[in-house]
Amino acid sequence: MYILGYTTMIASFIFSLYGACAYAYGMKKKNETYVESGKGAVLAVFVTATIGISLLVYLLVTNHFEYKYVAAYTNLSLAWFYRFCALWAGNAGSLLLWAFLLSLFALIIAYSKRTQTHALTPYALLVLLMNLVFFFLVLSVNENPFKMTKTIPFDGNGMNPMLLHPGMIIHPVSTYVGYVVLAVPFAYTIGALFQKDWSTMWVPIVRRWTLIAWFSLTIGNIVGAWWAYVELGWGGYWAWDPVENASFMPWLTTTALLHSLMMQEKKQMLKGWNVALVIVSYFLTLFGTFIVRSGVLTSVHAFSNSTLGTYFLIFMIVMFIFTMYVVVDRAHVWKQNKVVVEHVISKEMSFLVANLIFIGGAVAIFWGTIFPLVSEMLNGKKVNVGAPYFNEVTAPIFLSLILLMAICPIVPWKSASLPIMLRRLSMPLIMSVCIAVALYVNGKKDLYVILACFIVTLMVIVHIKELFHDVWKRRSKQSIGHALGDLLKHNGRKYGGYIVHIGIALIAFGVIGSQVYSEEMMKTLSPGESVKIGKYELLYKSLDERYERDKDVVYATLKISDDNKKTDVLEVEKWFYHHWQEPSSEVALRSNIFEDLYIVLSSWESDRSATFLIKINPLVSWIWIGGIIMMIGAMIAMTHPMRGWKK
């Protein structure tokens, strides 16, 4: 099977290289025979990549420890679905998954009825095949997933215990899909520049693929935050880790792109800006992959392979030079037909300002992420940038963005009447002011927090009001439920966007509550002792140990009671895997929509006294609720039909 597996890597590389050459030659000579041959090469790459990844999955699931990758990331005690997830637990497997996904998307573009006759498709496939050449070259030369061991071990090393969580099934794959999909808008953008045709036929296909990438990155970021919260045992959900930042930055730029594409589609504005956003989003995915696989920045998510990082650095440089040549050479194309904003108070201006805020946030995060590298280059010392910097810098940026989101739905295209806008804002403003006053009266004296709650509340009320207003206008002809369904069906982009915005607001509420009003203590207790935090009283009952097939478990039993006399018995655990040196924390979590009681067993002594990290995290559940609502809104927006296809 080694020969078959490695042959699929070599064959995929050869087919990718041939396909790229066939497309380049066929388009230059206008020879359809070579173009069709390149299309066939896309199919061949997909077939060989599918055989390769299927073979690796089979080896992982069936414990073939004679293969280095299988021995490194699986063992006999690992459940079958985690053995399957080991496909993306290491460098070689995750790169093969990346290449397989890219070949799948290339196949869809090449053979889909909608895209196969699209004028830009051959150019886009050329660019995608160039990416596939790189990935299969790396898999063939440096990261062959089918390398064999010198001696066959009885058992494998197994997976890092922190990865043994349902988030492992969703988070990495959705993030990879988001990264890979962003290569498609980039490919079509390069194709549009090559063809010197910047008509609106470019917009629908780029918007659809960008929305898919945005949706996948949203799932990846939300599930990743939830995974960190319940698994890592530090009580938080976002640490501004370099790899977390690497997936968040393209989310910001694709969000900006989705908004500015509407400007190009409706007003023929921001063509050059959209070119830049597509290119930046693509290169941010390469940058994120470079961080994960180079080890140049400290991260709990990094694979730390400096040799592979060099490959990605070279590829980024080559693609950057290629891209800049195409952009500069075709600058006269995307600079044509400039349209200026007609009025300061208009939807055009609000979209433009929103784009600037999104990019400002991405730049601030990028600078904080790479600053350790810059400081090491300049003075030889790596100065790490922590959460305080990111929180201080990004909080006002994102708060101003939410304020703009509150105003945008009531601002029309071209120009707006200020009195009409104020009249439409009056009710949401009054309600938001009442909530802000109520917070102040109830002892929340931090004016910055009150302002943040006011802005977020205003945004939610405006969106609900506008949605309800449009539904109410249809009530005479149909029921409210049918009216809502009709709106979502016929204008999914607009109202799906409203739902996404409401989800973002709920996440903002959760972040504000958990960051500002959280309580925390570290307390050592002996059996029978209790401690009070907030409205909860925790009685430490016992410390015990049990043995399982692949691990030893030390667990403390706690009786939890609150001011409402409601009691629960929770167990908080520390897991010691037989194949892994570092223990894994299993938190005790009592959660509702208002707050989470979060408990971690930190350490213990021979007399059975134990030290606990105890936190009260208000409104954290709204982060996950908001994330689900965002995904629902995105799915509704994706149902909006693409228009402007040129056959």
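Source: prediction; values computed, not measured. Residue positions are given per chain, counted from 1 along the sequence in the order it is written. Only residues with pLDDT of at least 70 get local features here, since the model is predicted, and only at 80 or more are side-chain atom pairs given and counted; chain-wide, interface and lining totals rely on the full set of residues. The side-chain values count all of the structure's non-hydrogen atoms but skip hydrogen atoms and water molecules.

## With respect to the overall build of the protein
The condition is simple: Numbering goes from the N terminus for both helices and strands, where a helix is a DSSP run of H or I of at least four residues and a strand is a run of E of at least two. Our radius of gyration looks at C-alpha atoms and nothing else; its globule reference is 2.2 Å times the residue count to the power 0.38. Should any heavy atoms of two residues lie within 4.5 Å, those residues are considered in contact. Computed with the Shrake-Rupley method and a 1.4 Å probe, the accessible areas treat only the protein chains shown as cover for residues.
A tally of helices and strands in the protein yields 20 helices and 9 strands. In summary, the protein has a C-alpha radius of gyration of 27 Å against a globular reference of 26 Å for 647 residues, a match within 12%. If one aligns the C-alpha atoms of the protein with their principal axes, the spans along those axes are about 85 × 80 × 60 Å. For the protein, the proportion of contacts with a sequence separation of at least 24, taken over those separated by at least 6, is 72%. Carbon and sulfur atoms make up 65% of the accessible area of the protein, which totals about 28100 Å².

## With respect to unusual backbone geometry
With phi around 55°, Lys30 is a residue other than glycine that occupies positive phi space. The phi dihedral of Arg608 is positive, around 70°, even though this residue is not glycine. Note on placement: Arg608 falls in the loop between strand 8 (595-604) and strand 9 (610-618).

## Side note on helix 18 (residues 480-490)
Each full turn of the α-helix corresponds to 3.6 residues, which orients residues three or four apart in the same direction. Stated formally: Under the scheme applied here, a residue whose accessible area is under 20% of the maximum for its type counts as buried, over 50% as exposed, and between as partly exposed, the area being computed with a 1.4 Å probe on protein chains only.
Restricting attention to buried positions, one finds in helix 18 the residues Ala483, Asp486, Leu487 and Leu488. Close packing links the buried residues of helix 18 with helix 17 (447-472), helix 19 (492-516) and helix 20 (621-638).

## With respect to the pattern of salt bridges
Opposite charge on two side chains makes pairing possible when the charged atoms of those side chains draw close. Just so we agree on the cut-off: When a carboxyl oxygen of Asp or Glu lies within 4 Å of a side-chain nitrogen of Lys or Arg, that pair is called a salt bridge.
Taken as a whole and assessed by the stated rule, the structure comprises 12 salt bridges. For Glu466, the salt bridge is made with Arg424, and the minimal N-O distance between the two is 2.5 Å. Of this pair, Glu466 sits in helix 17 while Arg424 sits in helix 16 (residues 418-441), placing them 42 residues apart in sequence. The class of Arg424 is partly exposed, set by a relative accessible area of 29%. The shortest N-O distance in the salt bridge between Lys532 and Asp563 comes to 3.5 Å. A residue pair is termed long-range when its members are at least 10 positions apart, and Lys532 in strand 2 (residues 530-533) and Asp563 in the loop between strand 4 (551-562) and strand 5 (567-577) qualify at 31 residues.

## Considerations on the sheet that holds strand 9
To summarise the sheet geometry, strands pair through backbone hydrogen bonds and adopt either a parallel or an antiparallel arrangement. Note the cut-off: We treat two strands as partners when DSSP finds at least two bridges between them. Convention adopted: a line fitted to C-alpha atoms gives each axis, helices being fitted over their contacting stretch, and angles between N-to-C directions are expressed from 0 to 180 degrees.
Read across the open sheet, the 4 strands follow the order 1-9-8-7; overall the sheet is antiparallel. The open sheet terminates on both sides in strands that have one partner only, identified here as strand 1 (519-525) and strand 7 (588-591). Here the strands of the sheet are splayed against their neighbours by 15° on average, with no regard to which way each runs. Relative to strand 9, strand 8 is paired through 9 bridges, and the arrangement is antiparallel. The residue of strand 9 that forms the bridge with Ile599 is Ile614.

## Section: the domain arrangement of the protein
Going by this rule: The domain limits used here are those given by an automatic or database domain assignment. Buried area is a sum: the accessible area each of two parts loses on coming together, probed at 1.4 Å, counted once for each and added. All residues other than Ala, Val, Leu, Ile, Met, Phe, Trp, Tyr, Cys, Pro, Asp, Glu, Lys and Arg, Gly among them, are scored as polar; the first ten of these are nonpolar and the last four charged.
Segmentation of the protein into domains returns domain 1 (393-517) and domain 2 (519-622). Taken together, the 7 residues of domain 1 in the interface contact 5 residues of domain 2. Buried area between domain 1 and domain 2, both sides added, is near 510 Å², and the carbon and sulfur share of it is 67%. It is Leu506, Ser514 and Tyr517 that lose the most area in domain 1 upon contact with domain 2, and together they represent 61% of the buried surface on that side. Viewed at the interface, domain 2 and domain 1 are joined by 0 salt bridges. Split by residue class, the side of domain 1 that touches domain 2 holds 4 nonpolar, 3 polar and no charged.

## Description of the sheet that holds strand 6 (residues 584-586)
Taken in spatial order, the 5 strands line up as 2-3-4-5-6 in an open sheet, and their pairing is antiparallel. Edge strands, defined here as strands with exactly one partner in the open sheet, are strand 2 and strand 6. Here the strands of the sheet are splayed against their neighbours by 25° on average, with no regard to which way each runs. In this structure, strand 3 (residues 536-547) lies alongside strand 4, joined through 11 bridges in antiparallel fashion. Within the sheet, the bridge partner assigned to Tyr536 lies in strand 4 and is Asp562.

## As for a nonpolar patch on the surface
The condition is simple: Patch membership needs two things, relative accessible area over 30% and no salt bridge, and members are linked within 9 Å if like-charged or within 5 Å if nonpolar (Val, Leu, Ile, Met, Phe, Trp, Tyr).
A contiguous nonpolar patch, built from Leu4, Leu43, Val47, Ile51 and Tyr111 and spanning about 400 Å² of accessible area, is present on the exposed surface. By residue number, the principal contributor to the nonpolar patch is helix 2 (residues 32-61), which donates 3 residues. Tracing the backbone shows Leu4 in helix 1 (residues 2-29). The class for Leu4 is partly exposed, based on a relative accessible area of 47%.

## Here we look at the side chain of Thr175
Examined against the element boundaries, Thr175 turns out to sit in helix 7 (residues 167-181). Not counting residues up to four positions away in its chain, the partners in contact with Thr175 are Ser216, Leu217, Gly220 and Ser247.

## Remarks on the nonpolar core
Condition: The term nonpolar core refers to a set of buried residues drawn from Ala, Val, Leu, Ile, Met, Phe, Trp, Tyr and Cys, joined through side-chain atoms within 4.5 Å.
By size, the foremost hydrophobic cluster in this structure holds 175 residues, and its most contacted members are Leu128, Phe136, Phe186, Tyr188, Trp202 and Trp214. Shared between two domains, this core holds at least three residues of each, these being domain 1 (393-517) and domain 2 (519-622). When neighbours within four sequence positions are excluded, Phe136 is seen to be in contact with Met9, Ser12, Phe13, Ser16, Val45, Ala49, Leu96 and Ala99. Val554, Val572, Ala588 and Phe612 belong to the second largest nonpolar core, which has 21 residues in total.

## Quick word on the packing of helix 17 against helix 18
Packed helix pairs are specified by the crossing angle of their axes together with the interaxial distance, meaning the distance between the axes. Here is the rule we go by: Every angle not falling under 35 degrees, over 145, or within 65 to 115 is termed oblique; those three ranges are roughly parallel, roughly antiparallel and roughly perpendicular. Note on convention: near helix rotated counterclockwise from far helix by under a right angle means a left-handed crossing. Clockwise means right-handed.
At a closest axis distance of 9 Å, the pairing of helix 17 and helix 18 adopts a crossing angle of 110°. Between helix 17 and helix 18, the interaxial angle falls into the category roughly perpendicular. In terms of crossing hand, the pair formed by helix 17 and helix 18 is right-handed. Mapping the contact onto sequence places Leu467, Asp470, Val471 and Trp472 in helix 17 and Ile480, Ala483, Leu484 and Leu487 in helix 18. Class assignment for the residues of the contact of helix 17 with helix 18 results in 7 nonpolar, no polar and 1 charged.

## Examining the environment of Ser542
Relative to the helices and strands, Ser542 is located in strand 3. Overall, the relative accessible area of 23% leaves Ser542 in the partly exposed class. Sequence separation between Ser542 and Ser609 is 67 residues, and the spatial gap between their C-alpha atoms is 8.9 Å. Non-local contacts of Ser542, meaning those with residues more than four positions away in its chain, are made with Tyr555, Ala556 and Thr557.

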